[in-house]
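Next come the chains, spelled out residue by residue.
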Amino acid sequence: MSPSDNPFYTAFALILGMDQGLIAIVTLSLQVSLIAVLLASALALPLGAALALWRFPGRNALIVLLNALMGLPPVVAGLCVYLLLSRAGPLGQFGLLFTPTAMVIAQTILVFPIIAALTRQQVETLHNEYAEQLRSLGLKPLRMMPTLLWDARFGLLTVILAGFGRASAEVGAVMIVGGNIDGVTRVMTTSIVLETSKGNLPLALGLGIVLLSLVTLINALAHMVIETAKRRLG
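Residues numbered from 1 in each chain as written. Predicted model: local features only at pLDDT ≥ 70, side-chain atom pairs only at ≥ 80, totals over all residues. Heavy atoms only, no water.

Engineer: Please clarify how the overall build of the chain should be interpreted in this entry.
Structural biologist: Counting secondary structure elements, the chain contains eleven helices and zero strands. In the chain, the order of α-helices and β-strands from amino to carboxyl end is α-α-α-α-α-α-α-α-α-α-α. In terms of overall dimensions, the chain has a C-alpha envelope of 75 × 50 × 25 Å along the principal axes. Each of the 234 residues in the chain was classed as buried or not, and the buried ones make up 42%. Considering only intrachain contacts with a sequence separation of at least 6, the fraction spanning at least 24 residues in the chain is 74%. Of the roughly 12500 Å² that the chain leaves accessible, carbon and sulfur atoms contribute 69%. In the chain, 14 positive and 10 negative side-chain charges are present, and the distance between their average locations comes to 12 Å. (Helix = DSSP H or I, 4+ residues; strand = E, 2+ residues; numbered from the N terminus. Buried < 20%, exposed > 50% of the residue type's maximum accessible area, 1.4 Å probe, protein only. Contact = heavy atoms within 4.5 Å. Areas by Shrake-Rupley, 256 points an atom, 1.4 Å probe, with all protein chains shown as cover. Lys, Arg positive; Asp, Glu negative; His and termini not counted. Charge placed at Lys NZ, Arg CZ, Asp CG, Glu CD.)

This is the structure in structure tokens:
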């Protein structure tokens, strides 16, 4: 077998040659996942902190629900978003189905409970640790929230990175709501499934290598953040 016939050789050639099709797919994947994680973080960080600081009827049930939704099957999330955005659904008039926006919504739903639940755990741990000092200052929960979120910033950054890793590796939900349309909603994970079924192994391998590298980089960043926090905070 000549080098040009080797799918691994061709896959690396596509990556090193900055193949336009591959770059377009990777770029869209990163855009969708980044927007989804930013939206999820903006909603989940204050909710997680609020659950850690306030006591109210139904709080334990909400915590259990968030923990359960951390394992939400992507295809179930995709189906729910599909029903909402389809023509017969309540949001069908906006024409969002089979668009990147629909994919962002699906990924946000998947990432949100992960960030919210882990934020609640981290903020609650800090709150218990500093409970006496906070009470002595007479701070109300609303005043405590930004302080504790800032103090937990290193841990929360790893939580957000974990959410980004979940979003970027997602396939089921984005396949359902995005439709895997070439040049419109085709991302790395859905492209790998499609190209493998077509027998186009070089492109599937190239995308797989990029996706694996991305996940590895995210884990490396999370590890660096944890080590930095340990050195700074002791």
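Engineer: Please clarify how helix H5 (residues 100-129) should be interpreted in this entry.
Structural biologist: The periodicity of an α-helix, 3.6 residues per turn, causes residues three or four places apart in sequence to face the same way. Look at H5: 43 Å from first C-alpha to last across 30 residues, which is about the 44 Å you get at 1.5 Å a residue. Approximately 30° is the largest bend angle found in H5, and it occurs at Val111, with the proline Pro113 only one to four residues beyond. (Expected span 1.5 Å × (residues − 1). Bend = angle between axes of the 7 residues up to and from the residue.)

Engineer: I keep staring at the side chain of Ser86 and nothing clicks. Help me out?
Structural biologist: Considering the arrangement of structural elements, one finds Ser86 in the loop between helix H4 (74-85) and H5. Every residue in contact with Ser86, bar those within four places of it in the chain, is listed here: Gly92 and Leu97.

Engineer: Would you explain a nonpolar patch on the surface in this entry?
Structural biologist: Residues Leu79, Tyr82, Leu83, Phe98, Ile181 and Val184 make up a contiguous nonpolar surface patch of roughly 490 Å² in combined accessible area. When you line up the elements, Tyr82 lands in helix H4. We classify Tyr82 as partly exposed; its relative accessible area is 31%. (Patch = residues over 30% accessible without salt bridge, like charges linked within 9 Å, V, L, I, M, F, W, Y side chains within 5 Å. Salt bridge = Lys/Arg side-chain N within 4 Å of Asp/Glu carboxyl O.)

Engineer: Any chance you could explain the pattern of salt bridges here in plain terms?
Structural biologist: Pairs can form between side chains of opposite charge once their charged atoms are near each other. Throughout the structure, instances matching the rule amount to four salt bridges. Taking the shortest distance from any N to any O, the salt bridge between Glu195 and Lys198 comes out at 3.6 Å. Residue Glu195 and its partner Lys198 are both found in helix H10 (residues 188-198); the two are separated by three residues, about one turn of the helix. Residue Lys198 is classed as exposed on the basis of its relative accessible area, which comes to 56%. Through salt bridges that share partners, Arg59, Arg120 and Glu124 make up one connected network.

Engineer: Help me out: how do you make sense of the confidence of the model for the chain in this one?
Structural biologist: Per-chain confidence: the chain averages 89 in pLDDT, with 97% of residues scoring 70 or above. Of all the helices and strands in the chain, helix H6 (residues 131-136) carries the lowest mean pLDDT, 76, while H4 carries the highest, 95. (pLDDT = per-residue confidence, 0-100.)

Engineer: Would you mind showing me how to read the nonpolar core here?
Structural biologist: As a rule of thumb, soluble globular proteins bury nonpolar side chains together. Ranked by size, the top nonpolar core spans 41 residues in total, and within it Leu22, Ile115, Val123, Leu148, Met188 and Leu207 carry the most contacts. Mapped by element, the contributors of at least two residues to this core are helix H2 (20-53), helix H3 (59-69), H5, helix H7 (141-151), helix H8 (153-168), H10 and helix H11 (201-233). Formed by 17 residues, the second largest nonpolar core is a distinct cluster that contains Leu72, Ala173, Val177 and Val187. (Core = buried A, V, L, I, M, F, W, Y, C linked by side-chain atoms within 4.5 Å.)

Engineer: I tried to follow unusual backbone geometry on my own but got confused; where do I start?
Structural biologist: Peptide bonds are, in most cases, trans, and in most cases residues other than glycine have a negative phi. Despite not being glycine, Met18 shows a phi value in the positive range, around 50°. Relative to the helices and strands, Met18 resides in the loop between helix H1 (7-16) and H2. The backbone of Asn180 sits at a positive phi, close to 55°, despite the residue not being glycine. Within the secondary structure, Asn180 is located in the loop between helix H9 (172-178) and H10.

Engineer: Can you help me understand the packing of H5 against H7 in this one?
Structural biologist: Helix-helix packing is characterised by the crossing angle of the two axes and by the distance between the axes. In contact at an axis separation of 10 Å, H5 and H7 are set at 105° when each is read in the N-to-C sense. On the basis of the axis angle, H5 is roughly perpendicular to H7. In contact with Thr119, Val123, Leu126 and His127 of H5, H7 contributes Met144, Leu148, Leu149 and Asp151. Taken together, the residues of the contact of H5 with H7 sort by class into five nonpolar, two polar and one charged. (Axes fitted to C-alpha atoms, helices over the stretch in contact; angles between N-to-C directions. Parallel < 35°, antiparallel > 145°, perpendicular 65-115°, else oblique. Nonpolar A, V, L, I, M, F, W, Y, C, P; charged D, E, K, R; others polar.)

Engineer: Which parts of the structure should I look at to understand H10?
Structural biologist: When H10 is considered as a whole, its buried residues turn out to be Met188, Thr189, Thr190, Ser191, Ile192 and Glu195. Once H10 ends, the next one or two residues include Gly199, with phi positive near 85°.

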